[in-house]
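Single-letter residue listing:
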Amino acid sequence: MTRIDRRTFIRKSLKTALAASAAGCLPALELLPLPACARETPPLAVRKGAEVPLLVRETVAALGGMDRFVRPGDIVVVKPNIGWDRTVELAANTHPEVVKTLVQLCLEAGAKFVRIFDRSCNDERRCYTRSGIRDAIEKIRSDRVSLEYMNSRFYKELEIRGGQTFDRWEFYLPAIEADRFINVPIAKHHSISRLTLGMKNLMGVIGGNRGRLHYNIAESLADIASVIHSDLTVIDATRILVANGPQGGRLQDVRSPETLIASPDIVAADAYAATLFDLKPQDIPSVVAAARRGLGVMNLSEVRMV
Amino acid sequence: MKQSRWTYARCLSQIFCLAVFLWLFLQTEYRGIDQLPYPVSLLFRIDPLAALADFLAPGSFGWKLLWPALVVLLLTVLFGRFFCGWICPLGTTLDGLGKLVGRGRRAYSPSWRRVKYYLLIAMGTATVCGVQLLGLFDPLAIFLRSLTLAVYPAYNYGLNRVFDFFYKHEVPLLSSAVKGSYPLFRDYLMAFYQPIFALSFFTLLVFLAIVLLERVEQRFWCKNICPLGGLLGLCSRYALLQRTPQALCADCQVCDSRCRSGAVRGSGHIRSECLLCMDCTGFCPDERVSFGVKASLAGAPGVDLQRRGVLTAMASGIMIAPVVRIGPVTHEQNPYLIRPPGAVHEEEFLQRCVRCAECMKVCIGRALQPALLEAGPVGLWTPLVVPRIGYCEYNCTLCGQVCPTGAIAPLKLPEKQKNVIGLAVIKKDRCLPYAKGVECLVCEEHCPTGEKAIILEEKDILVDGQLRRVKFPKVVDRLCIGCGICETKCPVEGASAVRIINEGESRRKRSALLSTPYG
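Residues numbered from 1 in each chain as written. Chains lettered and ligands numbered in written order. Predicted model: local features only at pLDDT ≥ 70, side-chain atom pairs only at ≥ 80, totals over all residues. Heavy atoms only, no water.

Draft legend 1. A look at the interface of chain B and chain A. Listed per partner, the contact involves 41 residues of chain B and 32 residues of chain A. Here chain B meets chain A over a buried area of about 3,000 Å², counting both sides, of which 49% is carbon and sulfur. Across the chain B-chain A interface, the total number found is 4 salt bridges. There are 23 residue pairs in polar contact (both at pLDDT 80 or more) connecting chain B and chain A. Mapped onto the side of chain B that touches chain A, the elements with two or more residues apiece are helix 9 (139–168), helix 10 (174–189), helix 23 (442–446) and helix 24 (485–489) of chain B. Tallied by class, the residues present in the side of chain B that touches chain A amount to 21 nonpolar, 6 polar and 14 charged. (Contact = heavy atoms within 4.5 Å. Buried area = accessible area lost by both parts, 1.4 Å probe. Salt bridge = Lys/Arg side-chain N within 4 Å of Asp/Glu carboxyl O. Polar contact = N/O pair within 3.5 Å; in protein donor to acceptor, adjacent residues only side chain to side chain. Helix = DSSP H or I, 4+ residues; strand = E, 2+ residues; numbered from the N terminus. Nonpolar A, V, L, I, M, F, W, Y, C, P; charged D, E, K, R; others polar.)

Draft legend 2. Quick peek at the nonpolar core. Within the largest apolar cluster, 126 residues are counted, with the highest numbers of intra-cluster contacts made by Phe-83, Ile-87, Trp-221 and Leu-276 of chain B. It is helix 9 of chain B that provides the largest number of residues to this core, a total of 8 residues. Look past the residues within four positions of Leu-276 of chain B in its chain and what remains in contact with it is Arg-10, Phe-79, Gly-80, Arg-81, Phe-82, Trp-86, Leu-241 and Phe-291 of chain B. Membership of the second largest hydrophobic core comes to 93 residues, among which are Val-46, Ala-109, Ile-137 and Leu-260 of chain A. (Core = buried A, V, L, I, M, F, W, Y, C linked by side-chain atoms within 4.5 Å. Buried < 20%, exposed > 50% of the residue type's maximum accessible area, 1.4 Å probe, protein only.)

Draft legend 3. Up close: the pattern of salt bridges. All names here are of chain A. Overall, the coordinates contain 45 salt bridges over all chains when judged by the stated rule. The salt bridge involving Arg-161 is made with Glu-159; its shortest N-O contact spans 3.3 Å. Classification of Arg-161 by relative accessible area gives partly exposed; the value is 42%. With relative accessibility at 38%, the residue Glu-159 sits in the partly exposed group.

Draft legend 4. Just the confidence of the model for chain A, in detail. Residues and elements named next belong to chain A. Residues at a pLDDT of 70 or more form 94% of chain A, whose mean pLDDT is 91. In the model of chain A, helix 1 (residues 6–25) stands out as the element of lowest mean pLDDT, 82, in contrast to strand 2 (residues 75–80), which has the highest, 98. Predicted confidence is poor over residues 28–39, with pLDDT under 50, and the contacts of this stretch with residues over four places away or in other chains come to 24 contacts. (pLDDT = per-residue confidence, 0-100.)

Draft legend 5. Broad picture of the environment of Thr-330 of chain B. Residues and elements named next belong to chain B. On the secondary structure map, Thr-330 appears in helix 17 (residues 330–333). C-alpha of Thr-330 to C-alpha of Gly-465: the two residues are 135 residues apart in sequence and 46 Å apart in space. Discounting chain neighbours no more than four positions away, the residues touching Thr-330 are Leu-337, Glu-374, Ala-375 and Gly-376.

Draft legend 6. View of a nonpolar patch on the surface. Residue and element names in this part refer to chain B. Taken together, the side chains of Trp-67, Val-71, Leu-74, Leu-75, Val-77, Leu-78, Phe-79 and Val-293 present a nonpolar region at the surface, about 680 Å² in accessible area. Among the elements that make up the nonpolar patch, the one with the highest residue count is helix 4 (residues 63–79) (7 residues). You can see Phe-79 is positioned in helix 4. (Patch = residues over 30% accessible without salt bridge, like charges linked within 9 Å, V, L, I, M, F, W, Y side chains within 5 Å. Areas by Shrake-Rupley, 256 points an atom, 1.4 Å probe, with all protein chains shown as cover.)

Draft legend 7. Broad picture of empty space enclosed by the protein. Residue and element names in this part refer to chain B. Per the stated rule, a full pass over the model turns up 14 cavities of 30 Å³ or more. If you add up the space inside the largest cavity, you get close to 200 Å³. What lines the largest cavity is a set of 20 residues, and nearest its centre among them are Ala-191, Tyr-193, Pro-195, Lys-361 and Cys-363. Elements represented by at least two residues in the lining of the largest cavity include exactly helix 9, helix 19 (358–362) and strand 5 (368–370). Here the element with the most residues in the lining of the largest cavity is helix 19; it accounts for 3 residues. The computed volume of the second largest cavity comes to approximately 120 Å³. At the level of elements, helix 22 (432–436) and helix 23 are the ones that each hand at least two residues to the lining of the second largest cavity. Counted by class, the lining of the second largest cavity contains 15 nonpolar, no polar and no charged residues. (1 Å grid on protein atoms, 1.4 Å probe; cavity = no way out; pocket = protein on both sides within 12 Å on 5 of 7 lines; lining within 4 Å. Points joined across faces, edges and corners; volume = space filled by probe spheres on them.)

Spelled out as structure tokens, the structure:
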């Protein structure tokens, strides 16, 4: 063994320490939020149909099939809206058949594991059950799928680079760390954000006092969307809620456009969904904020309809 | 110590009953089915004290729920205090913990035995006069209350910290096994949400005090204080199940020192005091002792009550009622005294509620909290809705399903959704749009009534010298049912900017106006 003298030892230790701390400065070593990049002309698929599973398959096929979004071996998160203790016909939660078919498509594309969760507003157990999503997922009968209650131990505070209203917030790590994130909101009326669509649905994977986001909802949602990248957004407009949203509870507030909107661009999907409510994309403040920040395209003429 | 087969049978029965009650306790939770599949409040349906409270309360007796309590009373008349020795979970707990805390062997004066009868008589008389305090001393209520409010939350807290540790630190082999078992624990063996109760510590102290009485004398509580023991004792004076030999044997006298309830005397076997633990069939050196059914009414040593004591007890019971009632009416004084949906009118509620804490255990949203003084001097441990801690879930009817005495009526879902427990009031000095000119709608967003009871009205206001259009939340009184989700979810830190008060609750007696201020 080579002997080193004290001086060499100190010099070498200092060098090593310097190298290590220099490496620590590299931004690459931090857990970086995935930047949501806007494509030049994002594709957008809109389909109509009464039979939900078929409708889902047609819409995803129009975008080139699930293979374009999910690769074999991927861990996929499917994030529906399961926020409320309401049954299917009241249009407060994503349609269970939409969720089920999307999960099946992921499995068919070779996903290693598909996780489904939402941080609900009412009691989670009631929401998961009464939304019909628990039953629908159980019917898939696959050990590669799980509808999970969110585990409070997995929230982590992350920095929001370029955040306009928040520079950090708690995010649910399984949603961030998944290989693919598929965002499956239901289109609904909402008094402050006008509508709750894809971007609002992302609030289901963050922790903390979510009520505080409402002080400046448009910029806050854009902040969140800049951290959580949706690889695919599928907006369930098979039934929509036109008043008393987002919780609903009255059948007379429900309409049935029997439509599904899908796009890899969350802003484009939200922008199109606004038209179902006789609104323009620029009427939805969060869409405007996100487009301005380059999170997606809101001008529907710049979108490639497929 | 030699133990007879009877002693084993008794121990088995105690353990079995305790296990059943603990299992039912764990089932007192929403597990995906709206209607609870098991009679989880069985413990109080067999409780003669709960039946007594129900019987003396205004309104009709709840035969359908409480018939098992009458069966217990009938069996006690036939067989004596078997309930105390074989079934009572508090008795079992004391027997089990006695060894742990150390058991006193002091022989207390037998006159202490009278205390439980006097307590029962005083409480009973007070109940007749309209102030029901039986629940405070009911051993079954004490047992379940301590379990719900103190032991179970602590158990959950401890387990959660263990899981936290293994989630945070990767311990080889152990971590994955512990993490893998978490869903099982969460779904079957733990509460879904960590229970939080205001009176946990106080309730635990009361429970510990009763346990520590074991250091004075074995089963001190059961022999001397328990009013349920007193009631069962009164019923079992002429019980048919009798001991042979009845009195102490002249040549042995071992029963005098060994009998845990001091029920064997020179004068005979005191059936009102005998807990039927059956130990004497084992420790008798000559195996002389046996129990058998005999129908002889003669010569039964009676309950050792004195006329003066009984009269004093009755007088104090009679005194309690007016003294309590001359105070200000609490539910009119305290606007935040909110009762669960289906609760009967406050006066009747206080007489029916036995403070068993079943409703607080089952409450899905942690809305129900035990009262200390919020419900007046006699409202201790009665359930309050405290919306800042938790709200009343719109589609849930669980508390009415578990209440054993009809203090909370079991409502069908459509009735429950119309049952008004309070009214939301917006505090304009705290509510963001009013106080700061900032938009916020969390209360409106969460409002569960189909046609929302909180609406937003747009108004132009001056903010920092600039005209701005802001949406202001407003409560529609005729639609609000007081579920409190707005108060729970209000994002303002500290006290909520919207609070529920008990104005306009359905259970209030109102004159039949054609249109009330509440619509």
